[in-house]
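Observations on the three-dimensional arrangement
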Amino acid sequence: LRLVVRVLKELDKTIPINFTTEKVRGKLTDVVKTIINDKPVNFFFDKETHLVVKIAYLNDKGKPYSFVTFSDYVLVDGIQIPTKVGYESNSKILINIKFNVDYDKTLFETPPTVAAGPDAWKPKIKF
């Protein structure tokens, strides 16, 4: 945990304030409380794996208004990567992260328009 605090000190405009423990999804975590760009942000680390399981953005009164959760970590080329990232503010959106996906290689020649939609990067399947 002291290493995490030292690393956070080196990040631009990140000030570690305190650390404590809290439960996240029934598991005890180490919480590093910071100030980033003049706003309070708490990082929750799994006590066993030391992987980030949650980031909480707090308002001026110290109450969380937005969360990002990380779970289902897998080993990719020696690095633990979360395969599920959850965003929660007023609504909840779950995103699955995928590696080595097929994509339309012409995206690098002609970028898609906004009107093409969020799946424009996917290759077109021909039947």
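These notes cover the structure that comes with them. (Residues numbered from 1 in each chain as written. Predicted model: local features only at pLDDT ≥ 70, side-chain atom pairs only at ≥ 80, totals over all residues. Heavy atoms only, no water.)

Now for the overall build of the protein chain. Each helix and strand counted, the protein chain has one helix and seven strands in total. Each helix and strand of the protein chain, ordered N terminal to C terminal, gives the series α-β-β-β-β-β-β-β. Expressed as a percentage of the 127 residues in the protein chain, the buried residues total 26%. Sequence separation of at least 24 residues holds for 10% of the intrachain contacts in the protein chain that already meet a minimum separation of 6. Total accessible area on the protein chain stands at roughly 9900 Å², and carbon and sulfur atoms take up 56% of it. (Helix = DSSP H or I, 4+ residues; strand = E, 2+ residues; numbered from the N terminus. Buried < 20%, exposed > 50% of the residue type's maximum accessible area, 1.4 Å probe, protein only. Contact = heavy atoms within 4.5 Å. Areas by Shrake-Rupley, 256 points an atom, 1.4 Å probe, with all protein chains shown as cover.)

A few words now on the pattern of salt bridges. Inspection of the entire model under this criterion finds three salt bridges. For the salt bridge of lysine 47 with aspartate 30, the shortest nitrogen-to-oxygen distance reads 2.7 Å. Within this pair, whereas lysine 47 is found in the loop between strand E3 (39–46) and strand E4 (52–58), its partner aspartate 30 is found in strand E2 (residues 27–36), the two being separated by 17 residues in sequence. The buried category is assigned to aspartate 30, whose relative accessible area is 9%. (Salt bridge = Lys/Arg side-chain N within 4 Å of Asp/Glu carboxyl O.)

Time to look at the nonpolar core. Formed by Val32, Val41, Phe43, Phe45, Ile55, Val68, Phe70 and Val85, the largest nonpolar core amounts to eight residues. Looking at this core, the elements that each hand over two or more residues are E3 and strand E5 (64–76). When residues in this core are grouped by element, the largest group, three residues, is from E3. If you look at the next biggest cluster of nonpolar residues, it comprises seven residues, including Val24, Phe44, Ala56 and Phe67. (Core = buried A, V, L, I, M, F, W, Y, C linked by side-chain atoms within 4.5 Å.)

Here we take up the pairing of strand E6 (residues 79–88). Regular strands show a simple pattern: their side chains alternate between the two faces of the sheet. Pairing between E5 and E6: nine bridges, direction antiparallel. Bridge assignment links leucine 75 to a residue of E6, and that residue is glutamine 80. Hairpin connection from E5 to E6: two residues lie between these consecutive antiparallel strands, with aspartate 77 at a positive phi of about 50°. (Pairing = 2+ DSSP bridges.)

This part takes up a nonpolar patch on the surface. A cluster of nonpolar side chains, contributed by Val101, Tyr103, Phe108 and Trp121, occupies part of the molecular surface with about 410 Å² of accessible area. Along the chain, phenylalanine 108 turns up in the segment after strand E7 (92–96). Residue phenylalanine 108 is classed as exposed on the basis of its relative accessible area of 69%. (Patch = residues over 30% accessible without salt bridge, like charges linked within 9 Å, V, L, I, M, F, W, Y side chains within 5 Å.)

Attention now goes to the environment of threonine 21. Along the polypeptide, threonine 21 turns up in strand E1 (residues 14–24). In this structure the C-alpha to C-alpha distance between threonine 21 and lysine 47, which are 26 residues apart in sequence, comes to 9.0 Å. Beyond its immediate chain neighbours, meaning those up to four positions away, threonine 21 contacts Leu28, Thr29, Asp30, Val31 and Lys47.

Turning our attention to the environment of proline 64. Among the structural elements, proline 64 can be located in strand E5. Sequence separation between proline 64 and valine 41 is 23 residues; the distance between their C-alpha atoms is 8.8 Å. Beyond its immediate sequence surroundings of up to four residues, proline 64 is in contact with Tyr57 and Leu58.

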